[in-house]
Amino acid sequence: MAATDPWRQRAQCAGSDPEAWSTDNLPEDQAERARYARRVCDGCEVIRECAKSALDYPIENGEYLTGVVVAGFAAPGNPSKHRACENFRKRIAARFDLPHFDATPSVLRAAANNYEQESKE
Ligand code: SF4
């Protein structure tokens, strides 16, 4: 996700407290988490661009979007939760009717390994 994408200037979250979009601050309960994520992005005029950008994240390079609310969905906090990460992408794709790259288990493992490496640094 390039921070310089022009649509980002019109994002509801631009210039806002990033903590509001951190999944660290979301309720534990899954249904409440989903409601919170929907609410925090509700009314954002660039939600579709945001969804596309999330699906363009270079997962094939072993990178994964984690720990943030994106396009009204809460990304899992850790890419080692493979099924949750893939479900997150599938739900975004389905809601906005967007194509998405189906990550294979080896791609997801690579993303989880990258995450662990970065966490140690
Ligand atoms: S949809 Fe949510 S995360 Fe995406 S740009 Fe809008 S407010 Fe930010």
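Just so it is clear, the model here is predicted, and its values are computed rather than measured. The written sequence of each chain sets the order in which its residues are numbered from 1. Given that the model is predicted, a residue must reach a pLDDT of at least 70 before its local features are reported, and side-chain atom pairs must reach 80 or more before they are shown or counted; all residues, however, enter totals for whole chains, interfaces and linings.

**Q** In this structure, what is going on with the overall build of the protein? I would like to understand it.
**A** Secondary structure counts use DSSP, requiring at least four H or I residues in a row for a helix and at least two E residues in a row for a strand, with both numbered from the N terminus. Secondary structure assignment for the protein yields four helices and two strands. N-terminal to C-terminal, the α/β element order of the protein is α-α-β-β-α-α. Whereas a compact globule of 121 residues would reach a radius of gyration of roughly 14 Å, the protein reaches 14 Å, a difference of no more than 12%. For the C-alpha atoms alone, the extent of the protein along its principal axes is close to 35 × 30 × 30 Å. Each residue is classed by its C-beta neighbour count within 10 Å, where at least 20 other C-beta atoms makes it buried, 12 or fewer makes it exposed, and intermediate counts make it partly exposed; the C-beta atoms are placed from backbone geometry. Taken across its 121 residues, the protein has 23% of its residues classed as buried. For the protein, the share of sequence-separated contacts (at least 6 apart) that also reach a separation of at least 24 residues comes to 60%. Based on C-alpha atoms, the radius of gyration is set beside the globule rule, defined as 2.2 Å times the residue count to the power 0.38. Working definition of a contact: two residues with C-beta atoms, positioned from the backbone, lying within 7 Å.

**Q** Would you explain the nonpolar core in this entry?
**A** General note: in soluble globular proteins, nonpolar side chains tend to be found buried as a group. Under the definition applied here, buried Ala, Val, Leu, Ile, Met, Phe, Trp, Tyr and Cys residues are grouped into a nonpolar core through C-beta atoms within 7 Å. If you look at the biggest cluster of nonpolar residues, it comprises 22 residues, and the most contacted ones within it are Ala54, Val69, Val70, Ala71, Phe73 and Ile92. Secondary-structure elements contributing two or more residues to this core are helix H1 (30-41), helix H2 (47-55), strand E1 (69-70), strand E2 (73-74), helix H3 (82-96) and helix H4 (105-120). A per-element tally of this core places H2 first, with four residues. Filtering out sequence-adjacent residues up to four positions away, Val70 remains in contact with Cys50, Ala54, Leu65 and Ala75.

**Q** How should H2 be read in this particular structure?
**A** Each turn of an α-helix holds 3.6 residues, which means side chains three or four residues apart point in the same direction. Of the positions making up H2, those classed as buried are Cys50, Ala51, Lys52, Ala54 and Leu55. Tucked into the core, H2 has its buried residues touching E1 and H3.

**Q** What exactly am I supposed to notice about the environment of Ala71 here?
**A** Here Ala71 shows up in the loop between E1 and E2. The class of Ala71 is buried, set by 24 C-beta atoms lying within 10 Å. Through-space distance from the C-alpha of Ala71 to that of Arg38 is 7.8 Å; in sequence the pair is 33 residues apart. Apart from the residues within four sequence positions on either side, Ala71 is in contact with Cys41, Ile47, Cys50, Ala51, Ala54 and Ile92.

**Q** Sorry, what's going on with the site of the ligand here?
**A** For each residue, a C-beta atom is positioned from the backbone; the residue is called near a molecule or strand if that atom sits within 6 Å of it. Around the ligand, a shell composed of Ala11, Gln12, Cys13, Trp21, Cys41, Cys44, Val46, Ile47, Cys50, Val69, Val70 and Ala71 is seen. Of all the secondary structure elements, the ones that give two or more residues to the shell around the ligand are H2 and E1. Each residue is assigned to one of three groups, with Ala, Val, Leu, Ile, Met, Phe, Trp, Tyr, Cys and Pro labelled nonpolar, Asp, Glu, Lys and Arg labelled charged, and all others, Gly among them, labelled polar. A class-by-class count of the residues in the shell around the ligand yields eleven nonpolar, one polar and no charged.

Any link to function would need more than the numbers given here.
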